[in-house]
Each structure stands twice: as structure tokens, then as C-alpha cells.
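Architecture at a glance
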Amino acid sequence: MAASKDAAMNKPDPAQAADKPNTAKATAKSKGIAVLEGLLGKESAPVIPLPGRKIEPPKKAGWQPKWLKKLRWRHAIIGASFLGLVAVPATLASLYMAFIAADQYHSTASFAVRSIEGGVSSDILGMFTQASGGSTVSDSYILMDYILSERMAADADRRFKLEEVYATRGLDYFYGIGSDLPIEDKLAYWRDMVKVNFDHASGIMQVTVKAFEPKQAQEIAQFIVDQSDNLVNSLSLSARNDVLRAAQDEVLAGEARLSKARAGLRDYRDKSQEISPEEGAKLAVQLIGGLEAELTKLNADLATAKSQMSDDTPRIRVLKTRIESLEQQLAVERQRLGAGESASAASDPNSPDVAGRIAEFEELETEREFAERAYTAALGSLEKARIDANNRQRYLALFIEPTLSQMAQYPTRLLNAFLVTLGLLFAWGIGVMGYYNIRDRA
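Calculation criteria
- Residues numbered from 1 in each chain as written.
- Predicted model: local features only at pLDDT ≥ 70, side-chain atom pairs only at ≥ 80, totals over all residues.
- Heavy atoms only, no water.
- Pairing = 2+ DSSP bridges.
- Helix = DSSP H or I, 4+ residues; strand = E, 2+ residues; numbered from the N terminus.
- Axes fitted to C-alpha atoms, helices over the stretch in contact; angles between N-to-C directions.
- Contact = heavy atoms within 4.5 Å.
- Buried < 20%, exposed > 50% of the residue type's maximum accessible area, 1.4 Å probe, protein only.
- Salt bridge = Lys/Arg side-chain N within 4 Å of Asp/Glu carboxyl O.
- Polar contact = N/O pair within 3.5 Å; in protein donor to acceptor, adjacent residues only side chain to side chain.
- Phe/Tyr/Trp six-rings, centres within 6.5 Å; stacked < 30°, edge-to-face > 60°.
- Lys NZ or Arg CZ within 6 Å of the ring centre and 35° of its normal.
- Parallel < 35°, antiparallel > 145°, perpendicular 65-115°, else oblique.
- Left-handed = near helix turned anticlockwise from the far one by under 90°.
- Nonpolar A, V, L, I, M, F, W, Y, C, P; charged D, E, K, R; others polar.

So, the sheet that holds strand 3 (residues 204-211)
Taken together, the four strands give an open sheet; going across it, the order is 2-3-1-4, and neighbouring strands pair in antiparallel fashion. Each of the sheet's edge strands pairs with one partner strand only, and the pair in question is strand 2 (194-199) and strand 4 (394-400). Neighbouring strand axes in the sheet, compared pairwise and without regard to direction, differ in orientation by 25 degrees on average. Sheet topology note: the strand 1 (residues 105-115)/strand 3 ladder contains eight bridges and is antiparallel. For A109, the partnering residue across the bridge sits in strand 3 and is V207. Across the sheet, helix 9 (residues 183-193) lies against strand 2 and strand 3, angled at about 55 degrees from strand 2, the strand it touches most. Docked against the sheet, helix 10 (residues 214-272) engages strand 1, strand 2, strand 3 and strand 4, running at close to 15 degrees with respect to strand 1.

Structure, rendered in C-alpha cells:
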């Protein structure tokens, strides 16, 4: 009985037996969560001993604050690079702009290239705001290139000595120009000091010149205007000569042709000894007709006399003599009419007849008339070309003379300092972003 009672007491309760598996599962789950927290690095997670792992005691918190613990060497390098590449250069640039950079004065002039062609506008404003033709626009672009060209810089250097006008002022070595520089360096500096703005719609060109003295800026601007005016006048004269040259060549060719035709006609008249072969032929025909009529009358008189007198009578001898003379004269006139030469050349078989002389004369006369008409037309074309060339002349319309500045406008100190700072900050930011991008991908 006692043994059975003890066995009954030691026998587990069914409820307790059912709770043991649940307790074991909860314990295993809590251990898994603890292991996961340990892997994630949480400080509150218990340290679970693993085979082959030594458990180190937790380190005591030092005196350094949390933000200092999180700093790394890369952070110090980035901060130092910011100071060295951004803060210090920006500060130095600002100080340079504020205390060292010399004052610069500007002079402005505005003008336009205009043409007389197309009539005159009713008012001065319309003359300067009318749309310019393609030729004046091309001339304006030529003028822009000329102002910023090496030729203009060389002319200005000979006139003003750029190394003296733009010499270094105080410690401002950045905006000044050096000495004994080649023309290429002077041209680069000239383009920094001279700015040209062209408005295509109105054709107005604005030139701005900077210098360390206001009077020097005005003198250089006036020099640019004078040189531009000379260039426009030269282009206008060259275009006018090009237009007239072709017309003048035509006039010279027509004049030479007319002189040649007149000389040929004069030589023909000297050789033929007649003004016009047609008129000479008419006179010769009339003369031959008169001689033939007179010869016919003499033959009739001779026949009448023979019927009444003997052949030895003086009257019949006289009539025969006159008839022989008329026949000889008639033969000479006929030969002259056929030969076209004087009586001494009547025996020449190669002499042209009247038809050949008329044809030759008409050819020479036609050439003379055509040469005269061509010469007259060439003269008219030359006069028209001269009028057109005079109406297409270009000129420089200056409506704002070079100004004299009273206050320095350059260099723009605040803007330059801001741009330097912004550029340094932008470059530094790109470098830092590039570093982190490479670090993340490594």
C-alpha cells in the first residue's frame, strides 16, 4: 500500500505533463531571439557562449562623447579638404577682390552700319531701327571680327602702348598685363578688355572698353570707332569700284570696237575714192546714160550726113571723131563702174565690181553702226552702275559717342567672389561624392 501510494504521488499530473512541451518551446524560442540580437550587434542582447568563442568582458565607457566616437579618419580628411580647397581659397579671393583688385572704368559707344539704298526714313528713329539688309548685316559681322582681331589689337598697341595703359596697378597682378608679351597674349588681353555686342534685329553694335583710367577708356573707344569708320568706308569704296569696274571695261571694249570700225570704213573710202559706192553707182549710171544718149544722137547725125555728103567732108570727119571719143569715154565709165577703181586701174582683172564694193561697204557700215550702238549702251550701263553704286554706299551711323565714366563698375567684386566660392564648393562636392561612390562600390 505504501509503495503504491508513493508511486501515485510520483506520477506526473496530466496537466503538468502537457505544460512541459510548451515551456521547452518557449525557452528555445527565447534563445533563438537572443542569438539573432547578438548577431545584429545589440548591446542589450545576452552573450551566448558558442564552441571555440571566447567571451570578453564589456569595455567600460570612456570620457569621449558619442559624436566623437563616430568620427573616422575620412571625416577628418573631408573636413580638412573643405578648409583647404573651399574655405581658405574663397576667403583669399574675397580679400583680393575687396582690397587688392584695382578699379576699372568703362566707356561705351553704339553705332550701326547703314546703307543709303531704299530711300531715307522720315525720322531719325526710323533710320536706326529699320531692318537692315543682308549686305549691311554681313558688313556688321565683318566689323565685329575686325574690332576683336589681331590687326586692331596691334594698331591699338602702336597707338596707346597697351603695356603702359594696362600696366599692373599696385599688387593687382591678376587684372594687369605683363611686359614684353607676344601679340597673341596681347590679343587675348584685348578681348578681355573690349566687348562687342551686336543686335541682329536692329543692326546696332555696342562696344564696351575697360581701362584703369576713365579718360583712357574713352580714348580707346574713340579709336575703335574711328578705325571702324575707316573700314566701312574702305568696304564701301571697294564695293563701288567692283560695281563700276565691269561697266568701265565694257565701255573701253565698245570704244575700241567703234574705233576699229571707223578706221576700216575710212580705209575703204581712201582706197575707193568715194563716200558711198551706192551713190557713186547712181552717178555712174546717169553719166553712162547721158553718154549713150549723146552717142546715139551723133550716130544719127553721122548717118544723115553720109546720105548727103561724102566721107571726106570735114563734117563727117568731125562726127566720126566725136563718136570715137564718146565711145572711148563710155568704155572708160563702164570699166570704172565695173572695176570700182580709178581709170588707171581699169585694166586690173582682180578689181571688185560695183556689187562687191557695195557689199564690202555695207559690211563695214553695219559694223560701225553696231559698234556705235554697243558703245552707247555701254555708256548708259556705266552711268546706271555709277548711280547704283552711289546709292548703295555704306556708312557708319554713330549715335552714342564714347562715354566718360565717373564711377568704377569693374571688377564686379561681390559677383566674382561669389562665383569663385560657388565654383570651389561645386568642385569639392563632386570630389566628395565621387569618393563615397567609389567607397560604396568597393
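Quick word on unusual backbone geometry
A cis amide bond links Y410 to the next residue, P411, at an omega of -5 degrees. Backbone geometry at K161 places phi at a positive 60 degrees, although glycine is not the residue there. Along the chain, K161 turns up in the loop between helix 7 (150-160) and helix 8 (162-165). Residue D180 is not a glycine yet carries a positive backbone phi of 55 degrees. Considering the arrangement of structural elements, one finds D180 in the loop between helix 8 and helix 9. The exposure class of D180 is exposed, given its relative accessible area of 72%.

Some thoughts on helix 7
Considered for burial, the residues of helix 7 that qualify are M152, A153, A154, D155, A156, D157 and F160. Count one or two residues on from helix 7 and you reach K161, which has phi positive near 60 degrees.

Re the pairing of strand 1
Summarising burial for strand 1: eleven of the eleven residues are buried, a large majority. The alternating pattern of strand 1 places Y105, S107, A109, F111, V113 and S115 on one face and H106, T108, S110, A112 and R114 on the opposite face, and all of these are buried.

Considering the pattern of salt bridges
Applying the stated criterion across every chain, the model contains 13 salt bridges. In this structure, the salt-bridge partner of K186 is D157, at a minimum N-O distance of 2.8 Å. Taken together, the residues K186 in helix 9 and D157 in helix 7 connect sequence positions 29 residues apart. Its salt-bridge partner being R257, residue E367 comes within 3.0 Å of it at the nearest N-O pair. In this pair, E367 is assigned in helix 13 (residues 354-391) and R257 in helix 10, connecting sequence segments 110 residues apart. Take E367: its relative accessible area is 31%, and that puts it in the partly exposed class. According to the relative accessible area criterion, R257 is partly exposed, its value standing at 34%.

A short note on the side chain of S405
Looking at where S405 falls in the secondary structure, it is placed in the loop between strand 4 and helix 14 (413-441). Taking the relative accessible area as the measure of exposure, S405 reaches 12% and is therefore buried. In terms of polar contacts, S405 uses its side chain to reach the backbone carbonyl oxygen of M407, at 2.9 Å. In this structure S405 touches Y105, H106 and P214, once residues within four positions along its chain are discounted.

Focus: the packing of aromatic side chains
Taken as a whole, this structure holds eight aromatic pairs when the rule is applied. Aromatic pair Y141 and F198: ring centres 5.1 Å apart, planes at 65 degrees, arrangement edge-to-face. One end of the pair, Y141, is in helix 6 (residues 134-147); the other, F198, is in strand 2, with 57 residues separating them in the sequence. F198 sits in the buried class, given a relative accessible area of 13%. Between Y166 and Y189, the aromatic rings sit 5.2 Å apart at their centres with planes inclined by 70 degrees, giving edge-to-face as the arrangement. Taken as a pair, Y166 in the loop between helix 8 and helix 9 and Y189 in helix 9 lie far apart in primary sequence, 23 residues in all. One aromatic cluster is present, formed by Y166, Y189 and F212 through successive ring pairs. Positioned over the ring face of F160 is R159, at 4.7 Å from the centre of the ring. Geometry around Y410 places K210 over its ring, the cationic atom sitting 4.8 Å from the centre.

Description of the packing of helix 7 against helix 10
Between helix 7 and helix 10, the least distance of the axes is 11 Å, while the angle of their chain directions is 130 degrees. One way to sum up the angle between helix 7 and helix 10 is to call them oblique. The handedness of the crossing between helix 7 and helix 10 is right-handed. Residue-level contacts link M152, D155, A156, R159 and F160 of helix 7 to E219, I220, F223, I224 and Q227 of helix 10. Its residues assigned to classes, the contact of helix 7 with helix 10 shows six nonpolar, one polar and three charged.

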